[in-house]
Every structure is written in structure tokens, then in C-alpha cells.
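Remarks on the overall topology
Below, each chain spelled out in residue letters.
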Amino acid sequence: SEAAKCPNVKTIVQIGLGSLQTSISQVNSMVAQGAKAIVVIPDFGQAELPAIRAATNAGVKVVPWGADPGGAAGQDYVSYVDWNSGYAGTLWAEWMVKTLGGKGNVVMIGGPAGNPVTTAQLASVVAVFAKNPGMHLLTGSTSWAVTNWDPSQAQKVAGALLAKYPTINGVISDYGTDALALTRAFTAAGRPLVPIATLEANGLGCLYQQKKASGGNFQLT
């Protein structure tokens, strides 16, 4: 929307599709197309730093945000901008403990395996749950159910979790659109919706309003 204010600015949009190699090749491609500036979420963290550094060395102004690529600001890229993803995990976990009364089985779904965003959030969730022995993270303390932030994959993953675990009392998802897909899996399995802690997504907010209007007790943060 900012670029649209300037008729002499052309934007190129690429979607990494949850693939490290695709993401790297797209950065290289944008450099080859003559990009003067690149804004990128390096989902795979430091694995994308060489491509970012190469773009910088080619004279491109690169600003990574949302997932830490490592490296040094002012040297490997212009600056790094981020929200506190780890603290989000703390807030989600504390809300889940309160909502479930300190006792329940929870699953966590997130982005590509090993990505720095979900890693930071999971560490925070584990830390909060460690203080509440009645809380059980069914998906484990070192990894999560991987969706690659792809709603279609999220629904399949949720279906598999529902088939594996007869009792799921809560869900933590680091992507609201994945969480919305997960609600569809619950419906398809004939299971009632459980409390969900996630990022905002319009469709998810609309679902919450619909359930509330119909007298349902769907809990969402």
C-alpha cells in the first residue's frame, strides 16, 4: 500500500511455500531481476542468511523481519524488525492454564520444522507448563505438529492428531489461519471445539462471533 503511492515503484511478490530452497531461489531471483530493496520473512532463520548476505553484497537493501536470520544488522542487511514471538508463547500458555483450570491435554501446531518463530514460542509454552504439572503438551517439549503455515496441511495434521489422541482439551497454534483450518478438522471428526490460543485471523474471529451468537462456549484468545 505504501509502494502504491509512488508510481515509479514496482513491487515483486514471492511466496516461499514452506520450502527453504524455494525461498532462497526467490531471493536470488529478485536480485537478478534488479530489485533495489527486499523485505523478507526468513522462515528458516540462519539457513537463509547466505542468500540475504549475497543480496546485500549485490547492493540490495534487505530488511528481514518476523524470523531472525542471525548475522549482523548494518553488515548483512539494513536492519532486523521483529515482534516478541517468545512472549506470545508465554501469553498463550498462561491463558490456556487459566482456561483449563491448570489441568488438560494440549497440542501445539506450528510452522516449518526448526523455524525460529515456533521454536521460541514452544520454549515459552514448555516453561509455563513446567510450573503447572497438570498441563500436558501431547506434541512434546522439543517439537510441534508441523503445518508449514499451510491451512490445507494444518487440517490434515489436526485430523491425524484427533485420531491419535482421544482427549485433546486445548490447542496452541502460532498462525490463526492454521487454527481456523484446525476447527474444520474438529467438526469433520464430530469433536466439540476446544479452547484455542493463536494469532488473529478474520475467519477465526468470525467463527467465534457465530458460536457466541448461537449460545456456544467456544473459547478463543
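Scroll up to find the structure this text is about.
Described below are features of the structure shown in this document. (Residues numbered from 1 in each chain as written. Predicted model: local features only at pLDDT ≥ 70, side-chain atom pairs only at ≥ 80, totals over all residues. Heavy atoms only, no water.)

**Points about the pairing of strand β6 (residues 170–173)**
- Here β6 shows two buried faces, one formed by G170 and I172 and the other by V171 and S173.
- As judged from the four bridges shared by strand β3 (residues 104–110) and β6, these two strands associate in the parallel manner. For V107, the partnering residue across the bridge sits in β6 and is V171.
- Summarising the sheet, β6 and strand β7 (residues 196–197) pair through two bridges and their orientation is parallel. The residue bridging V171 from the neighbouring strand is I196, located in β7.
- Note on the crossover from β6 through helix α6 (residues 176–188) to β7: the handedness is right-handed. (Buried < 20%, exposed > 50% of the residue type's maximum accessible area, 1.4 Å probe, protein only. Helix = DSSP H or I, 4+ residues; strand = E, 2+ residues; numbered from the N terminus. Pairing = 2+ DSSP bridges. Right-handed = clockwise from strand over helix to strand, strands pointing away.)

**Section: unusual backbone geometry**
- Positive phi is not limited to glycine here, since N148 has a value of about 60 degrees.
- Accessibility expressed as a relative area gives 25% for N148, which makes it partly exposed.
- Of note in the backbone geometry, W149 takes a positive phi value of approximately 55 degrees without being a glycine.
- Relative accessible area serves as the criterion here: at 18%, W149 is assigned to the buried category.

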